[in-house]
Amino acid sequence: MQEITREILVSKASEMLENGTVDRVLGWKAGEFDYDVTPAVFHTAEELAESFVWNDFCGANFSKYLVKETGKSEQKILVFLKPCDTYSFNQLLTEHRFNREKVYVVGVPCSGMLDAGRIKEQAEGIAAIRVDGEQVLVDTLYDGTLALDRSAMLPDRCTNCKSKQHVAYDELLGEDGEILDSKRFDEVDKIEKMTPDERFAFWQNELSRCIRCNACRDICPACTCERCVFDNPNSGVENKAPATSFEEQMFHIIRAFHVAGRCTDCGECSRVCPQHIPLHLLNRKFIKDIDAFYGEYQAGAEVGSRAPIVNYTTDDLEPSEAVERGDENA
């Protein structure tokens, strides 16, 4: 299979800018450190040649950026989307959050993006990072060069990737993959097997680290409300700093309910959390229950699909039925 390099992406983007198909490109640029790669908008081939980045730290899901970017020009914007990103792309189209005609999607294959947090746990004083096959070579200020197993440095969303197949694109670079037999619900199963007290202690420990920075909300493709309840001074929950443990817990519980049935399990919430809270597990619990009680459903798999919980039928499951079926966590 052809390796998709930075040069290939820059060439494709430059060609489309120069022939007028698009007037800007949504891609990645370097930050202060090798692992600090950030989204950026490029307007010229010169900007692309100078600053465009494509490497193992290009984990950002660009779908949500299109909500505002498509309103900035009447011309199309080129966006590079990995397989998992395209599910969020479709879900946003289902919710009519941007105009599909103003986007040109180039699908790029992905073998998993590195987790900077996991690398930092293994290496202190990072000077440079490079990938050599299945090894991540980390140059440090104190311990020389460390060789880390690449597969062990992947985030959960990549270790338990649900699909290597793009569900939306105008043009595909390289070969497309397949929907995978993911083990993404294994951690949910472990939490479900805890006693109620153990589960409460687990989430109390995790959520107590929340600093209410709103990074999870701001990055989430399912959170695109013009005005969030947590920013409304009349809501009673707008304070960023949690005044009580109840507020601390309710912020994330309310968010999980808000995106239930629409979360594509992209894992962006956990990726950007500075406190390393496994927020994706809350969302996966909802996804797992929807699959169990209403039939398997994947948000974003196709444009226009409606989640079972927004479609009322006379056969809808009642809470008492869930208990009868043996789900003590219902």
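Residues numbered from 1 in each chain as written. Predicted model: local features only at pLDDT ≥ 70, side-chain atom pairs only at ≥ 80, totals over all residues. Heavy atoms only, no water.

### Quick look at the packing of aromatic side chains
Consideration 1: Scanning the entire structure with this criterion turns up 11 aromatic pairs.
Consideration 2: On the basis of an interplanar angle of 15° and a centroid distance of 5.3 Å, the ring pair of F33 and Y35 is categorised as stacked.
Consideration 3: Consider the rings of F42 and F52, whose centres lie 5.6 Å apart with planes at 50°: the pair is tilted. With F42 in strand β2 (residues 37-42) and F52 in the loop between α2 (45-51) and α3 (65-69), this pair connects stretches of sequence that are 10 residues apart.
Consideration 4: According to the relative accessible area criterion, F42 is buried, its value standing at 3%.
Consideration 5: On the basis of relative accessibility, which here comes to 1%, the residue F52 falls in the buried class. (Phe/Tyr/Trp six-rings, centres within 6.5 Å; stacked < 30°, edge-to-face > 60°. Helix = DSSP H or I, 4+ residues; strand = E, 2+ residues; numbered from the N terminus. Buried < 20%, exposed > 50% of the residue type's maximum accessible area, 1.4 Å probe, protein only.)

### Re a nonpolar patch on the surface
Consideration 1: Nonpolar side chains collect at one region of the surface, where Y294, I309 and V310 lie side by side and expose about 250 Å² of accessible area between them.
Consideration 2: Note on placement: V310 falls in the loop between α12 (280-294) and α13 (319-324). (Patch = residues over 30% accessible without salt bridge, like charges linked within 9 Å, V, L, I, M, F, W, Y side chains within 5 Å. Areas by Shrake-Rupley, 256 points an atom, 1.4 Å probe, with all protein chains shown as cover. Salt bridge = Lys/Arg side-chain N within 4 Å of Asp/Glu carboxyl O.)

### Here's the deal with the sheet that holds strand β4 (residues 103-107)
Consideration 1: The strand order across the open sheet built from five strands is β2-β1-β3-β4-β8, with neighbouring strands paired in mixed fashion. Of all strands in the sheet, those with a lone pairing partner are β2 and β8 (171-172), marking the two edges.
Consideration 2: Bridge analysis of strand β3 (residues 77-81) against β4 gives five bridges, and the strand direction is parallel. Bridged to L78 within β4 is Y104. (Pairing = 2+ DSSP bridges.)

### Brief notes about the nonpolar core
Consideration 1: Counting residues in hydrophobic clusters, the biggest one holds 53 residues, and the most contacted among them are W28, F52, W54, L78, F80, F89 and I119.
Consideration 2: The residues touching F80, leaving out its near neighbours within four places in the chain, are L9, A13, V25, L26, W28, F52, F62, V106 and V108.
Consideration 3: With 16 residues, the next largest nonpolar core counts W203, C269, I277 and L281 among its residues. (Core = buried A, V, L, I, M, F, W, Y, C linked by side-chain atoms within 4.5 Å. Contact = heavy atoms within 4.5 Å.)

### Observations concerning the environment of N232
Consideration 1: Following the sequence through the fold, N232 ends up in the loop between α9 (215-219) and α10 (245-259).
Consideration 2: Sequence spacing of N232 and P196 is 36 residues, and the spatial spacing of their C-alpha atoms is 33 Å.

### Remarks on the pairing of β3
Consideration 1: Summarising burial for β3: five of the five residues are buried, a large majority.
Consideration 2: Every second residue of β3 is oriented toward a common face, with I77, V79 and L81 on one face and L78 and F80 on the other, all of them buried.
Consideration 3: The pairing of strand β1 (residues 24-30) with β3 spans three bridges and is parallel. Paired with R24 across the two strands is I77, which belongs to β3.
Consideration 4: Following the chain from β3 across helix α4 (residues 83-94) to the adjacent parallel β4, one finds a crossover that is right-handed. (Right-handed = clockwise from strand over helix to strand, strands pointing away.)

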